[in-house]
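# Understanding the architecture of this molecule
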Amino acid sequence: DNFNRKDSGLGKYIFMIALMERNQQLFYRVVMDYIEDMLPILYTPTVGKACLEYGHIFRRPRGMYLSAEDQGRMEEILGNWHFKNPRIIVVTDGERILGLGDLGANGMGIPIGKLTLYSACAGVPPSSTLPIMLDVGTNNQALIDDDLYLGLKMPRLRGDRYDAIVDEFVTAAERRFPQAVIQFEDFGKSNAFRLLMKYRDRVCTFNDDIQGTAAVTLSGIWSAMSLKGEDLSEQKFLFYGAGSAGVGIANLIVSALVQEGMEEDEARGRICLLDSKGLLVKNRIEELDDFKRPYAHDLEFVADLQTAVERIKPTVLIGVSGQGGSFTSDILQTMADVNSGDAHRPLIMALSNPTTKAECTAEEAYKHTQGRAIFASGSPFPDVTMHGRTYCPGQGNNA
């Protein structure tokens, strides 16, 4: 009753965090009994608002903060954690929090929220979880100017100094907690793939934005194939967004197609990506990040999504751009047109978080495809009733 009396999502978030601090067992009981009500509050979309306001709603510390000033003594600091055998560590440096960008130390809300769900949804004991913030500064001037910002007020570290801090953390965690999984969460694209490649064969680790998002998205695509009555090998994929999430999903789709018997080059040819400048094509290859280059095809360059949809005629449109509203009514209508007939329903996945960053709403997807779209989004949307029929949108989120 007290939860429902709160008139905002942020108010409900603060109430539940206070309950967790007061009575952890009751907190998890409530979350497990009312998971559909709690998930949007404790994770996306409300956790995004909580991160934006983190210093202003701060009550007491949770998890561990390792800053650039702690270099040289991280193993000692980790030894102060009050549970001696954590099994899952979620760590962020706060550079790419959801679709909100660089939130620095305010990003601690994400590891805390993710690990809360590990306990509530997967039965991982809270004592086995450890949220960590690597505070290496921030380039968000509004945070630096904020008297209540909790992190280091300095420009974000790059290069060798940054790498040395991450490496010291990984080494210290490996020594102190040798049984723990290290989950990288919400790192910027310039570091996400690079750090995954560096540590994946050294410690038990994964990057949630690359691999977690990819696993959930592929499972959603497979579910959609059963609704469409089609095979994965029949699909053409167009991504709006070519960062760590987009390329991670694309890589896993390629792996799935290869497992089904398709040649890798042919599988990559079924997937096109647009970044902030336009379609990834061969004549842009010198300017592309290494992880994007395998998807630079021998196609004519187009700068906008509408033209790309018209020319490529995708059966699956995936949004991982962080650009709210970018799937316009014209784009959605074009997706319906190039997938005509009930036998060829378009799959629309607007996966950017939080809700304000979603490429389209569920209502827009159903309305502009005449109810033929199969739809999933990163943040939850309510059911849509249209023409006497109720549509229940899916949620595709690495939580």
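Structure: see above.
Residue indices begin from 1 for each chain and proceed along its sequence in written order. Local features in a predicted model are, by the rule used here, given only for residues with pLDDT of at least 70; side-chain atom pairs are given and counted only at 80 or more, and totals for whole chains, interfaces and linings are based on all residues. Each side-chain value is worked out from all heavy atoms of the structure, with water and hydrogens disregarded.

### Regarding the packing of aromatic side chains
Filter applied, for reference: Stacked, tilted and edge-to-face are the three classes assigned to paired rings of Phe, Tyr and Trp, where Trp is represented by its six-membered ring and a pair needs centres within 6.5 Å; plane angles under 30 degrees give stacked, over 60 edge-to-face, the rest tilted. The numbering of helices and of strands both runs from the N terminus, where a helix is a DSSP run of H or I of at least 4 residues and a strand a run of E of at least 2. Here's how the labels work: a residue is buried when its accessible area is under 20% of the maximum for its type, exposed when over 50%, partly exposed in between, all with a 1.4 Å probe on protein chains only.
One pass over the full model with this rule turns up 7 aromatic pairs. Between Phe-193 and Phe-291 the ring centres are 4.6 Å apart and the planes differ by 15 degrees, which places this aromatic pair in the stacked class. Of this pair, Phe-193 sits in helix 10 (residues 189-199) while Phe-291 sits in the loop between strand 8 (278-279) and helix 14 (305-312), and the two are 98 residues apart along the sequence. For Phe-193, a relative accessible area of 10% translates into the label buried.

### Here's the deal with helix 12 (residues 244-259)
Here is the rule: Helix span is expected to be 1.5 Å times the residue number reduced by one.
In this model, helix 12 (16 residues) spans 22 Å end to end at C-alpha, consistent with the 22 Å of a helix rising 1.5 Å per residue. Among all positions in helix 12, only Ser-244, Ala-245, Gly-246, Val-247, Gly-248, Ile-249, Ala-250, Ile-253, Val-254, Ala-256 and Leu-257 are buried. Directly after helix 12, the chain includes Gly-261, whose backbone phi takes a positive value near 110 degrees.

### Quick notes on the sheet that holds strand 11 (residues 374-377)
Using the following cut-off: Two strands pair under a simple rule: DSSP has to find at least two bridges between them.
If you walk across this open sheet you meet the 7 strands as 8-7-6-9-10-11-14, and the pairing is mixed. The open sheet terminates on both sides in strands that have one partner only, identified here as strand 8 and strand 14 (394-395).

### Regarding the side chain of Arg-284
Operational definition: In the analysis that follows, any N or O atom pair within 3.5 Å is treated as a polar contact, provided that within protein one partner can donate a hydrogen and the other can accept it, and provided that, for residues neighboring in sequence, both atoms belong to side chains. Note on contacts: a residue pair qualifies if any of its non-hydrogen atoms lie within 4.5 Å across the two residues.
Summarising the element assignment, Arg-284 is placed in the loop between strand 8 and helix 14. A distance of 3.1 Å separates a polar atom in the side chain of Arg-284 from the backbone oxygen of Gly-278. When sequence neighbours within four positions are dropped, the list of residues in contact with Arg-284 reads Asp-275, Lys-277, Gly-278, Leu-279 and Phe-301.

### A closer look at the sheet that holds strand 2 (residues 88-92)
Which entries qualify depends on this criterion: Angular values range over 0 to 180 degrees, each being the angle between N-to-C directions of two axes fitted as lines to C-alpha atoms, with helices fitted over their stretch in contact.
Strand order across the open sheet formed by 5 strands is 1-3-2-4-5, with parallel pairing between neighbours. Single-partner strands in this sheet number two, and they are strand 1 (64-67) and strand 5 (205-207). Taken over all neighbouring pairs, the strand axes of this sheet differ in orientation by 20 degrees on average, direction set aside. Most of the contacts of helix 7 (residues 109-122) go to strand 3 (residues 129-135), to which it runs at about 165 degrees, and overall it touches strand 2, strand 3, strand 4 (181-184) and strand 5. Strands in contact with helix 9 (residues 159-176) are strand 1, strand 2, strand 3 and strand 4; relative to strand 4, the strand with the most contacts, it is inclined by about 155 degrees.

### As for the pattern of salt bridges
Note the threshold: What counts as a salt bridge is simple: a side-chain nitrogen of Lys or Arg found within 4 Å of a carboxyl oxygen of Asp or Glu.
This structure, assessed with the given rule, holds 23 salt bridges. Across the pair Glu-174 and Arg-202 runs a salt bridge, and its minimum N-O distance is 3.6 Å. Separated by 28 residues along the polypeptide, Glu-174 in helix 9 and Arg-202 in the loop between helix 10 and strand 5 bring together distant segments of the chain. A salt bridge links Asp-275 to Arg-284; the shortest N-O distance between them is 2.9 Å. Across this residue pair, the class does not change: Asp-275 and Arg-284 are buried.

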